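The primary structure of each chain is shown beneath.
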There are 2 protein chains.
Amino acid sequence: MKSRKVEISEMSFKEFSNMVEVSMENICKDIFHENRDSIKIKKEKVAVKNLTLIFNSTLKLSNRIGFQSMSLRDLSAASGLSMGALYSYFKSKDELAKIIQEQGRRITSDILDQEIGKGVNLADRMHRAVRAHLYLSEVMQEWFYFSFMEAKNLTREEQKRAIESELATENIFFDIIVEGEKAGLFKKHNPFLSASIIKGMLQDWYLKRWKYKNRGITVEGYADFVIEFIEAFILIKK
Amino acid sequence: MKSRKVEISEMSFKEFSNMVEVSMENICKDIFHENRDSIKIKKEKVAVKNLTLIFNSTLKLSNRIGFQSMSLRDLSAASGLSMGALYSYFKSKDELAKIIQEQGRRITSDILDQEIGKGVNLADRMHRAVRAHLYLSEVMQEWFYFSFMEAKNLTREEQKRAIESELATENIFFDIIVEGEKAGLFKKHNPFLSASIIKGMLQDWYLKRWKYKNRGITVEGYADFVIEFIEAFILIKK
DNA sequence: GTCTATACATAGATAGAC
DNA sequence: GTCTATCTATGTATAGAC
């Protein structure tokens, strides 16, 4: 029980938060360079600044009223950019959604891989996976909420990617569980169901953050609770 | 462990399904009578038939593309009723959403109360609450999905009601857990978090049914798993 | 690079014939 | 009770001035 606390201190929420911040800006730059054909702006500095502004405004509005309900006039008002200016940064509303999805997926994938790779054993890997996912969805709450709620508004191709990304995350847990069972550390259950349930618990954090916030639950507190809950089920007691 | 199986047999999914079917038609009739001012149709038989048709078409379309993206022309095509005819059954698109929400909430509340009331002790009540909620969300999967995903598209008043209903369901679990702790049957944890997590597990069933279906998981199988998972955490081992 | 003005499509909603 | 035809508002997207 104590050992978990030690592992947390290796990656506090604050440190984690900074790490994501850096990753986010880099990925924004990558996105700018990759989409130079559909982005009419030439200067990197102004483009990245406004892209960030547009992404954030879109996420804020979509979280409140939904991407479909958000008109580009709304987005124009929220971002302070005119309709014409907006269309210098993307060539359609659909493409805007696509770029935002892409950006979030990359950050998620980068950060999770990086963080889980540090795990020294299976229990540690499980803790890190849970904690990293929760911390990440805390920092990028709007994106995670957006990504879940707006999946239906994407093109079929983008939907496929979203599902793949979703299942990839779940597989991280699946793999840890299966390895743990083989090693005789975890009880034998249906590992697919266990992984699903764990994923669901993590999702609850960003889908219902208002509820947890109202009750004064912090992301660290929630992480501790989830880990305890999972371990009661999978760990073999000695 | 065996005792749970006995309790299930008191309410098989099939029986449950029939119970809901009846409740659904009755509530559809109630809704018709209560909204006689906004519904221009006089004959109960034709009104209830078409209302049911409209509700089902709306749910189907909304589940696929979202309520906001569904135009009334789409709904007209799917239901086989003309635009004009549709407006004889509701006076705005917003009102249509509202009526559907109302109908689902009533069924949910009726069925859950009825089913949980049968519980003979706290563990039994917990099992029944889990199972009833899962079975209900299986029968009415489209409604549950709609209700969760379209909350943002409702008026502020309706949003408040949706949240209240959500929290009421969660409170069922909260109360059972608190009573169980007092009675010395359940371990002491944070009962708010326990109730939240349980609610999230139930929600996962209807939010990701495609995933469970693809993997061949039945609702009964999922219910058994969830109950086992919960009990590993809350039950005091003897 | 950003703005204003505008084109064009599609949405919700209603009127009046049948 | 249901249909077709139509009104009006709003949405996405673009052209061209600055």
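I will try to describe carefully the structure that is included in this document. (Residues numbered from 1 in each chain as written. Chains lettered and ligands numbered in written order. Predicted model: local features only at pLDDT ≥ 70, side-chain atom pairs only at ≥ 80, totals over all residues. Heavy atoms only, no water.)

**Examining the overall build of chain A**
Then comes step 1: Check the secondary structure of chain A and you find 12 helices and zero strands.
Then comes step 2: Sequence-ordered secondary structure for chain A, helices as α and strands as β, is α-α-α-α-α-α-α-α-α-α-α-α.
Then comes step 3: For chain A, whose C-alpha radius of gyration is 19 Å, the value lies close to the compact-globule estimate of 18 Å for 238 residues.
Then comes step 4: Along the longest, intermediate and shortest principal axes, the C-alpha atoms of chain A span 65 × 35 × 30 Å.
Then comes step 5: Here chain A holds 238 residues, and 56% of them are scored as buried.
Then comes step 6: Counted over contacts in chain A with a minimum sequence separation of 6, partners at least 24 positions apart contribute 70%.
Then comes step 7: Between the centroid of the 38 positive side chains of chain A and the centroid of its 33 negative side chains there is a distance of 4 Å. (Helix = DSSP H or I, 4+ residues; strand = E, 2+ residues; numbered from the N terminus. Rg over C-alpha atoms; globule rule 2.2 N^0.38 Å. Buried < 20%, exposed > 50% of the residue type's maximum accessible area, 1.4 Å probe, protein only. Contact = heavy atoms within 4.5 Å. Lys, Arg positive; Asp, Glu negative; His and termini not counted. Charge placed at Lys NZ, Arg CZ, Asp CG, Glu CD.)

**What to know about the protein's contact with DNA strand C**
Then comes step 1: Lining the immediate environment of DNA strand C, one finds 20 residues, of which A:Ile41, A:Lys42, A:Lys43, B:Leu72 and B:Tyr87 sit closest.
Then comes step 2: Considering DNA strand C, the proportion of its atoms within 4 Å of the protein that are sugar or phosphate atoms stands at 62%.
Then comes step 3: Within the backbone of A:Lys43, one N or O atom sits 2.5 Å away from a phosphate oxygen of DNA strand C.
Then comes step 4: At 3.3 Å from a phosphate oxygen of DNA strand C is found a side-chain nitrogen or oxygen belonging to A:Asn50.
Then comes step 5: At the level of elements, helix 3 (44-65) and helix 5 (83-86) of chain A together with helix 4 (72-79) of chain B are the ones that each hand at least two residues to the surface near DNA strand C.
Then comes step 6: Class assignment for the residues of the surface near DNA strand C results in nine nonpolar, seven polar and four charged. (Near = heavy atom within 4 Å. Polar contact = N/O pair within 3.5 Å; in protein donor to acceptor, adjacent residues only side chain to side chain. Nonpolar A, V, L, I, M, F, W, Y, C, P; charged D, E, K, R; others polar.)

**Description of the packing of aromatic side chains**
Residue and element names in this part refer to chain B.
Then comes step 1: In this structure the tally under the stated criterion is 27 aromatic pairs over all chains.
Then comes step 2: With centroids separated by 5.7 Å and ring planes inclined at 75 degrees, the aromatic side chains of phenylalanine 16 and tyrosine 135 adopt a geometry described as edge-to-face. With phenylalanine 16 in helix 2 (residues 13-34) and tyrosine 135 in helix 7 (residues 122-139), the pair connects residues that are 119 residues apart, well separated along the chain.
Then comes step 3: Tyrosine 135 gets classed as buried once you look at its relative accessible area, which sits at 1%.
Then comes step 4: Geometry around phenylalanine 67 places lysine 93 over its ring, the cationic atom sitting 4.8 Å from the centre.
Then comes step 5: Here lysine 211 stacks its cationic end above the ring of tyrosine 212, 5.3 Å away from the centre of that ring. (Phe/Tyr/Trp six-rings, centres within 6.5 Å; stacked < 30°, edge-to-face > 60°. Lys NZ or Arg CZ within 6 Å of the ring centre and 35° of its normal.)

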